[in-house]
Amino acid sequence: MGLFGGRKTVFVDADILVIGGGMAGCGATYESRYWGRDLKIVCVEKANIERSGAVAQGLYAINCYMGMQWGENQPEDHVRYARNDLMGLVREDLGYDIARHVDASVHLFEEWGLPMMRDPKTGQYQREGKWQIMIHGESYKPIVAEAARKAATEVYNRIMVTHLLMDQSKANRVAGAVGFNVRTGDYHVFRAKAVIVAAGGASHIFKPRAVGEGMGRTWYAPWSSGSCYALPIQVGAKMTQMENRIVLTRFKDGYGPVGAYFLHLKTYTQNGYGEEYEKRWYEDTKALVGDYVDHHPVPTCLRNHALLKEVAAGRGPIRMVTKEAFQDPHKETVGWENFLGMTIGQAVVWASQNIDPKHINPELTTSEPYVMGSHATCSGAWASGPEDCAPADYQWGYNRMMTVDGLFGAGDTIGGTAHKFSSGSFAEGRIAAKAAVRYVNDLGKTQLQVSEQEYRDLEKVIYQPLENYRVGRNEIVAGTVSPSYLLPIQGLQRLEQLMDEYVGGISTNYMTNAVMLNRGLELLTMLKEDMSSMGAEDLHQLQRTWELQHRLLASESVTRHTLFRQETRWPGYYYRGDHMKLDDENWHCFTLSRYDRKTGEWAMEKAPVHHIID
Ligand SMILES: Cc1cc2nc3c(=O)[nH]c(=O)nc-3n(C[C@H](O)[C@H](O)[C@H](O)COP(=O)(O)OP(=O)(O)OC[C@H]3O[C@@H](n4cnc5c(N)ncnc54)[C@H](O)[C@@H]3O)c2cc1C
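The model shown is predicted, which means the values in this text are computed figures rather than measured ones. (Residues numbered from 1 in each chain as written. Predicted model: local features only at pLDDT ≥ 70, side-chain atom pairs only at ≥ 80, totals over all residues. Heavy atoms only, no water.)

With that settled, consider helix α8 (residues 300–312). For α8, spanning 13 residues, the distance from its first C-alpha to its last is 19 Å, which sits close to the expected 18 Å at 1.5 Å a residue. Within the span of α8, buried status applies to Cys 301, Leu 302, Asn 304, His 305, Ala 306, Leu 307, Leu 308 and Glu 310. Contacts from the buried residues of α8 go to β10 (249–251), α7 (282–289), β13 (364–366) and β17 (575–576). Looking one or two residues past α8, Gly 314 carries a phi angle of roughly 90°, positive in sign. (Helix = DSSP H or I, 4+ residues; strand = E, 2+ residues; numbered from the N terminus. Expected span 1.5 Å × (residues − 1). Buried < 20%, exposed > 50% of the residue type's maximum accessible area, 1.4 Å probe, protein only. Contact = heavy atoms within 4.5 Å.)

Our next topic: the packing of helix α3 (residues 92–111) against helix α11 (residues 421–443). At a closest axis distance of 8 Å, the pairing of α3 and α11 adopts a crossing angle of 105°. Here α3 is positioned roughly perpendicular relative to α11, judged by the angle of their axes. Contact with α3, carried on its side by Asp 97, Ile 98, His 101, Val 102, Ala 104, Ser 105, Val 106, Leu 108 and Phe 109, involves Ser 423, Gly 424, Phe 426, Ala 427, Glu 428, Arg 430 and Ile 431 of α11 and no other residues of that element. Looking at the contact of α3 with α11, its residues break down into nine nonpolar, four polar and three charged. (Axes fitted to C-alpha atoms, helices over the stretch in contact; angles between N-to-C directions. Parallel < 35°, antiparallel > 145°, perpendicular 65-115°, else oblique. Nonpolar A, V, L, I, M, F, W, Y, C, P; charged D, E, K, R; others polar.)

Let's shift gears to the sheet that holds strand β14 (residues 380–381). Taken together, the four strands give an open sheet; going across it, the order is β14-β9-β18-β19, and neighbouring strands pair in antiparallel fashion. Every interior strand has two partners, whereas the edge strands, β14 and β19 (601–608), have only one. As defined by bridge partners, strand β9 (residues 239–240) adjoins strand β18 (residues 589–596) across two bridges and the pair is classed as antiparallel. Pairing of Thr 240 across the sheet is with Leu 592, part of β18. Contacting β9, β18 and β19, helix α15 (residues 539–564) crosses the sheet at an angle of about 55° to β19. (Pairing = 2+ DSSP bridges.)

Further remarks concern the state of the cysteines. Tallying each qualifying case throughout the model produces zero disulfides. Summary of cysteine pairing: Cys 301 is not part of a disulfide, and the nearest cysteine sulfur, belonging to Cys 378, is at 11 Å. Of the residues examined, Cys 301 reaches a relative accessible area of 0% and is grouped as buried. On the basis of relative accessible area, Cys 378 is assigned to the buried category, the value being 0%. (Disulfide = S-S within 2.5 Å.)

With that settled, consider a nonpolar patch on the surface. On the surface, a nonpolar cluster with roughly 260 Å² of combined accessible area is contributed by Leu 340, Ile 344 and Val 348. If you trace the backbone, Val 348 turns up in helix α10 (residues 344–352). (Patch = residues over 30% accessible without salt bridge, like charges linked within 9 Å, V, L, I, M, F, W, Y side chains within 5 Å. Areas by Shrake-Rupley, 256 points an atom, 1.4 Å probe, with all protein chains shown as cover. Salt bridge = Lys/Arg side-chain N within 4 Å of Asp/Glu carboxyl O.)

Contacts to the ligand come from 30 residues, most closely from Glu 45, Ser 52, Ala 61, Ser 374 and Ser 422. Separating an oxygen atom of the ligand from a backbone N or O atom of Met 23 is a distance of 3.2 Å. Residue Lys 46 places a main-chain N or O atom 3.1 Å away from a nitrogen atom belonging to the ligand. A total of 1000 Å² of accessible area belongs to the ligand in isolation, and the protein chains cover 95% of it. Broken down by secondary-structure element, the contributors of at least two residues to the shell around the ligand are α1 (23–35), β3 (59–62), β6 (159–166) and α11. Per-class residue counts for the shell around the ligand are 15 nonpolar, 12 polar and three charged. (Near = heavy atom within 4 Å. Polar contact = N/O pair within 3.5 Å; in protein donor to acceptor, adjacent residues only side chain to side chain.)

What follows concerns the packing of aromatic side chains. For the structure on display, the rule yields 34 aromatic pairs. Between Trp 70 and Tyr 125, the aromatic rings sit 5.2 Å apart at their centres with planes inclined by 90°, giving edge-to-face as the arrangement. In this pair, Trp 70 sits in the loop between β3 and α2 (75–85) while Tyr 125 sits in the loop between α3 and β4 (133–137), placing the two residues 55 residues apart along the sequence. Note on Tyr 261 and Phe 339: the rings are 5.5 Å apart at their centroids and 20° apart in plane angle, and the pair reads as stacked. Pair noted here: Tyr 261 is in helix α6 (residues 259–263) and Phe 339 is in helix α9 (residues 329–340), with a separation of 78 residues, a long-range link. Assessed through its relative accessible area of 0%, Tyr 261 is described here as buried. (Phe/Tyr/Trp six-rings, centres within 6.5 Å; stacked < 30°, edge-to-face > 60°.)

Here it is in C-alpha cells:
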C-alpha cells in the first residue's frame, strides 16, 4: 500500500482507453495510433501485456485465416461456416467484417517476426484445416504486444479495472474507468473519451473437473474472470447470447488441443471398446435438432452430444486413436510439438500418467462450460455493425460500439461472432479502434464530466474487503473460517457449485430446466448479498475478490439468458430438460438482456437474426 500504508490516487487522462491488453486489446491499441496520430492512447492490463490473455503460452495455429491471396476462402465462406457451427445464429454482418479484414492482420504478424510454417511445395502458409494455419507460436503474444507497446502513449500493467465511469453531462455515455494496482495498491482513475473493452471471457464460473490443488488445470485460462462482460453489464450495455456457453472436448486432465490431431495427424475417436460411436447417435440427435445434424461439418456441439451420450450409455471412456499416426516419426514429432508450443501441461500429464500416445490411445473428456465470444461460441455485448453491410436494426452509431455511447468492444467482449479466434480478435480490435478514433474526433471539443463523488464512492467499495479482513481477522485466532467475512476462494467455490448444479455444469451432465435455473437465481442473489462481506488479506486477494464480483455478474447473465431461451439450441453445450428440442419457429433469434444497476432488474428481449449471406 505504499509507504506507511498510504494509497495514492493516480489520474490518467486519455482520448482512448483500452481495457485489457490481450489479442483484441493489442489490436485496438495498435490501430488507434494508426488513425489517431495525435491522440492519447492508453492500454490498461491486469497482468503484463507481454504474456497476458488466453494466448499467453503461445499457440501452434492461427485458427482464422481466409487465404484470400491464394483464393483459398472468401469471407462469405467463413460466415457460412460460423453460422453452421452455431446452429444458425450468428451476427453475419460482424462476422463478415472480421473475415474480410483478418488476413491483413495475419500478414502483419509475419512482418513483425512471427515464424509461419509454409507448405514446401506451394510456399503457401501450411494449413492445419480449412481455416487454420500453422505457426511456431511460442512468441506470438510478445510479438503482438511489442506492436501495442510501441503504439500506445502509455501501457499500465498490473491494474485490475473494476468499474467503468459514466459521463455526468450526458446520460448513457461512458467517460472512463477505475481500478487498482495489484502490486502497489494505488487507485487509478482513467478519464477517457472512448473506452474499448477487451478484457477476455470467463473461466471458473462453473465448477471445473479438476478441483483442489488441480483447480488451475482448466482448458480456458484460469485468470479470465469475465471482466469483459461485467464491466459493460454494470453500466447497462445490452448483452447477447450469454446462454451460449462453450464445452470443449479435449485430452483428459491437461486439456491439450485436439485440432491438430484431428485435422493434421488424421487421428480419430473410439469408445472404450474400440468402436466408432458417432453414427450410433445420428437418429437421437436428429430427433432433437432436425436437419442441422446433416450439415457439414457437423456442428461442434453435436459432436460433443454424441460423446456425452456414448459415455452415459456406459461405453466410455472415449479415446483418441493416436497409436496408428504416431508410428510415423514425423507425425509423432508434430503431435508432441503441438503441446510443447502452447499446452506444455498436457505433455507433463501424459508423462506423469505413463501415457505414450504411440502405445496408448489417450482419453478425451468434455470440459466444464466457459463463456467466450471469440471461440466456437458467441456470448457478449450487443454491438453496432459496419455501415456498409449491417442491417438497419443492427446499426445505431459507430462500428463495434455497444448500446452505451463511446463504449466499444472486441474479441471475447463482442457477442454474435463466433470463430474469430486470436487473429480475428486482433482484427476486431483494429476495427473497433478505427471507429473509436472517429467517435473521438466527432466529439471535437465536447468535454466529458467525471464525478468526483462517483469515483470516491467507488474507491470505498473497491478497498472495503481489505478493511473487512483487517477488522474481522481479530475475531479468529487461527484457520480461515470467519464469522464476519468470506474469503474470495470460498465465494468462488460457492459460485462454481451453484452454477454447476443448477445452470448446467458437469455434475448434471450439462442438464438444467426452469425450476433449477430459478433456484440458481435465488442462490446467486444470496451470494450477491454476501459480497459486501468479502475479506481480502492482501492486494492479491483483493484482485481475487473483484474477479469474483465480475464472475458473479457474468454468471447471473448466463443464468438469465439460459432461462429466457426456451429450447435446446446447442445440445452438447447444455440441455434445457423442459425444452429438449431445437425450436426454430420461436427461437431462431438472438436473446438480449439489459441490467439496471439501480433496481437490479434484468430486461430480456428477442432480436431477429438477419441472414445477409445466402
Ligand atoms: C485454451 C485456448 C486455446 C486457444 N487456441 C487457439 C488457437 O490455437 N488458435 C487461435 O487462433 N486462437 C486460439 N484461442 C483463441 C484466442 O486465444 C482468443 O480468441 C483470443 O485470445 C481472444 O482475445 P481477447 O483479447 O478477447 O482475450 P485475451 O487475449 O484473453 O485478452 C484479455 C486480456 O484482458 C486482461 N484483463 C482481463 N480482465 C481485466 C481487468 N479487469 N482489468 C484489466 N485487464 C484485464 C487479461 O489479463 C488479458 O490480457 C484459444 C483460446 C483458448 C482459451
